[in-house]
Amino acid sequence: MVAIALMGLLALVAAVTQPFVSPVRYQSPSVDAARLAAHVKHLSVDLFPRSSDRLDNTERAAKYVFDEFEAAGAKVSIQDVIVRGAKYKNIIARFGPQDGALIVVGAHYDSHGDAAAGALYPSGFTPDTHTPGADDNASGVAGLIELAHLLGQRPPSRAVELVAYALEEPPHFRTGDMGSVWHARSLATSKRDVVLMLSLEMIGFFSEAPGSQHFPVPGMQHLYPDRGNFIALVGELGDVANMRRAKALMSGGSELPVYSINAPATLQGIDFSDHRSYWGEGYPALMVTDTAFFRNAHYHRASDTHEKLDYRRMAQVVQSVFALVQQY
């Protein structure tokens with residue numbers, strides 16, 4: 001009985017963590033870390049704050065992404081996201097064939113802000129009420145932009161949409177107002193087949209310090225590194241097949257270690273980004289993340305600034321995602 005119980009436990013661990021996935025080697029083109037740094041700095045400094053209550057800056061951020069997508073050679077369109085009379089924008093870049101099964105890669109360009117707290121100040125905000133949002137989520141948007149430039153140089157054989165979303169942060173999170181909800185719903189309405197969605201959610205913070213990686217429940221430290229020097233893939237508990245394939249392809253796209261977890265949404269952090277919007281429409285979706293507040297103590301704080309990010313490793317994340325998109 002003990003042996004059977006142990007085998008069951010090992011099988012569960014394997015299903016959750018996919019420890020024996022072999023990388024599929026792929027020579028991704030290089031990604032310029034300096035360009036990533038420039039995007040993050042512009043979004044987090046020049047366009048600060050990018051929260052939903054600062055429509056001027058969200059509009060400027062949307063235009064910046066639109067222009068970068070166009071420069072990459074994409075077919076670019078705007079999806080209006082209208083919430084309580086205010087108009088926000090999803091920016092969509094299309095590559096590859098117009099028809100057929102689709103891969104979606106998305107990242108939200110808004111940053112966290114507390115409008116009520118900001119109203120106590122003449123400007124309506126300070127870094128303490130409205131975070132610069134360098135890792136969360138200028139990093140994801142920068143990665144999306146550079147992924148667009150790679151796809152412009154090497155067009156994919158499958159249809160691909162890159163989407164920069166409005167309104168991921170509170171008070172819109174977990175509501176139908178999220179830009180990603182609007183996009184996922186539009187795909188479902190048009191009956192578009194989506195083979196995989198990837199959410200780039202905080203991809204820039206890494207650390208080699210022992211104990212720098214934290215976890216939502218005790219015991220996970222025995223399954224994952226205690227140093228925040230890897231990128232994580234996060235998915236639903238039952239979606240093991242897509243996870244194994246995605247992990248194999250991403251692991252082979254760069255030298256950056258890729259760890260994965262399939263878990264129920266009741267585990268803290270599992271559904272904390274735009275991928276959850278696609279789950280709601282029945283689409284397979286995974287989050288690509290540096291694990292947010294389980295590693296980055298600057299999450300939703302004034303200290304989430306551009307100079308704290310590791311752009312060399314960010315470049316490797318983009319290479320890994322490119323390898324997945326090209327081969328999935």
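The residue numbering used here restarts from 1 in each chain and proceeds along that chain's sequence as written. This being a predicted model, a pLDDT of at least 70 is required before a residue's local features are given, and a value of 80 or more before pairs of side-chain atoms are given or counted; all residues contribute to the totals for chains, interfaces and linings. With hydrogens and water excluded, all non-hydrogen atoms of the structure serve as input to the side-chain values.

Looking at the overall build of the protein
Right, so step 1: Here a strand is any run of E in DSSP of at least two residues, a helix any run of H or I of at least four, and the numbering for each starts at the N terminus. A count of helical and extended segments in the protein gives 9 helices and 8 strands.
Right, so step 2: Radius of gyration: C-alpha atoms only; globule rule: 2.2 Å multiplied by the number of residues to the exponent 0.38. Over its C-alpha atoms the protein spans a radius of gyration of 19 Å, differing by no more than 12% from the 20 Å that the globule rule assigns to 328 residues.
Right, so step 3: If one aligns the C-alpha atoms of the protein with their principal axes, the spans along those axes are about 65 × 45 × 35 Å.
Right, so step 4: Two residues form a contact once any of their heavy atoms are found within 4.5 Å. Contacts in the protein between residues far apart in sequence, at least 24 positions, make up 78% of those at least 6 positions apart.
Right, so step 5: Accessible surface area values rest on a Shrake-Rupley calculation with a 1.4 Å probe, where residue burial reflects the displayed protein chains alone. A total accessible area of about 13,300 Å² is found for the protein, and carbon and sulfur atoms account for 57% of it.

A few points about the packing of aromatic side chains
Right, so step 1: Here the aromatic set is Phe, Tyr and Trp, taking the six-membered ring for Trp, and pairing holds for ring centres within 6.5 Å; pairs whose planes are under 30 degrees apart are stacked, those over 60 apart are edge-to-face, and all others are tilted. Applying the stated criterion across every chain yields a total of 10 aromatic pairs.
Right, so step 2: Pairing Phe293 with Phe294 gives two aromatic rings, centres 4.6 Å apart and planes at 45°, and the pair type is tilted.
Right, so step 3: Under the scheme applied here, a residue whose accessible area is under 20% of the maximum for its type counts as buried, over 50% as exposed, and between as partly exposed, the area being computed with a 1.4 Å probe on protein chains only. Judged by relative accessible area, which is 27%, Phe293 ranks as partly exposed.
Right, so step 4: Members of the aromatic cluster, connected to one another through ring pairs, are Phe173, Phe272, Phe293, Phe294 and Tyr299.
Right, so step 5: Whether a charge lies above a ring is judged from NZ of Lys or CZ of Arg, which has to be within 6 Å of the ring centre and within 35 degrees of the ring normal. The positively charged end of Arg245 is found above the aromatic ring belonging to Tyr328, 4.1 Å away from the centroid.

Notes on the pattern of salt bridges
Right, so step 1: Any Lys or Arg side-chain nitrogen located within 4 Å of an Asp or Glu carboxyl oxygen qualifies as a salt bridge. Within this structure, the stated rule accounts for 12 salt bridges.
Right, so step 2: Among the ionic pairs, Arg94 bridges to Glu161, the shortest N-O distance being 3.1 Å. Highlighted residues: Arg94 in strand E2 (residues 86-95) and Glu161 in strand E4 (residues 159-165), separated in sequence by 67 residues.
Right, so step 3: Since its relative accessible area comes to 35%, Arg94 is described here as partly exposed.
Right, so step 4: The closest approach of N and O atoms between Arg174 and Asp271, which form a salt bridge, is 3.0 Å. With a gap of 97 residues between them, Arg174 in the loop between E4 and helix H6 (179-189) and Asp271 in the loop between strand E7 (258-262) and helix H8 (275-279) connect regions that are remote in the sequence.
Right, so step 5: Judged by relative accessible area, Arg174 falls into the partly exposed class, the value being 42%.
Right, so step 6: Among the ionic contacts, a cluster of salt bridges with common partners joins Arg35, Glu68 and Glu146.

Some details on the environment of Pro170
Right, so step 1: Its place among the elements puts Pro170 in the loop between E4 and H6.
Right, so step 2: Taking the C-alpha atoms as reference, Pro170 lies 8.9 Å from Ser52; in sequence the two are 118 residues apart.
Right, so step 3: Look past the residues within four positions of Pro170 in its chain and what remains in contact with it is His112 and Gly113.

Some points on helix H7 (residues 240-251)
Right, so step 1: Multiply 1.5 Å by the residue count of a helix minus one, and that product is the helix's expected span. In this model H7 runs 16 Å from its N-terminal to its C-terminal C-alpha over 12 residues, within 8% of the 16 Å that 1.5 Å per residue would give.
Right, so step 2: All of the buried residues in H7 are Asn242, Met243, Ala246, Lys247, Ala248, Leu249, Met250 and Ser251.

Some words on the confidence of the model for the protein
Right, so step 1: Note on scores: pLDDT gives the predictor's confidence for each residue, bounded by 0 and 100. Overall, the predicted model of the protein reaches an average pLDDT of 95, with 96% of residues at or above 70.
Right, so step 2: Segment residues 1-10: pLDDT under 50, and 0 contacts once partners within four positions in sequence are set aside and those in other chains are kept.

Re the nonpolar core
Right, so step 1: For the purposes of this section, nonpolar cores are sets of buried Ala, Val, Leu, Ile, Met, Phe, Trp, Tyr and Cys residues that join through side-chain atoms within 4.5 Å. Ranked by internal contacts, the top residues of the largest apolar core, which has 68 residues, are Val105 and Leu162.
Right, so step 2: Among the elements that take part in this core, helix H5 (residues 134-153) stands out by supplying 10 residues, more than any other.
Right, so step 3: Ignoring any residue separated from it by four or fewer positions in sequence, one finds Leu162 in contact with Phe69, Ile91, Ile92, Ala93, Phe95, Val105, Leu144, Leu147, Ala148 and Leu151.
Right, so step 4: In this structure, Ile92, Tyr165, Val234 and Ile270 belong to the second largest nonpolar core, which totals 24 residues.

Describing unusual backbone geometry
Right, so step 1: The residue after Asp136, namely Asn137, is reached through a cis peptide bond having omega 5°.
Right, so step 2: In this fold, Asn137 is placed in helix H5.
Right, so step 3: Residues Pro170 and Pro171 are joined by a peptide bond in cis, for which omega reads 10°.
Right, so step 4: With respect to the secondary-structure elements, Pro171 resides in the loop between E4 and H6.
Right, so step 5: Its identity is not glycine, yet Leu167 carries a phi of approximately 60°, on the positive side.
Right, so step 6: Here Leu167 is to be found in the loop between E4 and H6.

Here we look at the environment of Arg35
Right, so step 1: With respect to the helices, strands and loops of the structure, Arg35 is situated in helix H2 (residues 33-46).
Right, so step 2: By relative accessible area, which is 32% here, Arg35 ends up partly exposed.
Right, so step 3: Here a polar contact is recorded for every N or O atom pair within 3.5 Å, except that within protein the pair must consist of a potential hydrogen donor and a potential acceptor, and residues adjacent in sequence are included only if both atoms are side-chain atoms. Among the polar contacts made by the side chain of Arg35, one reaches the side chain of His149 at a distance of 3.3 Å.

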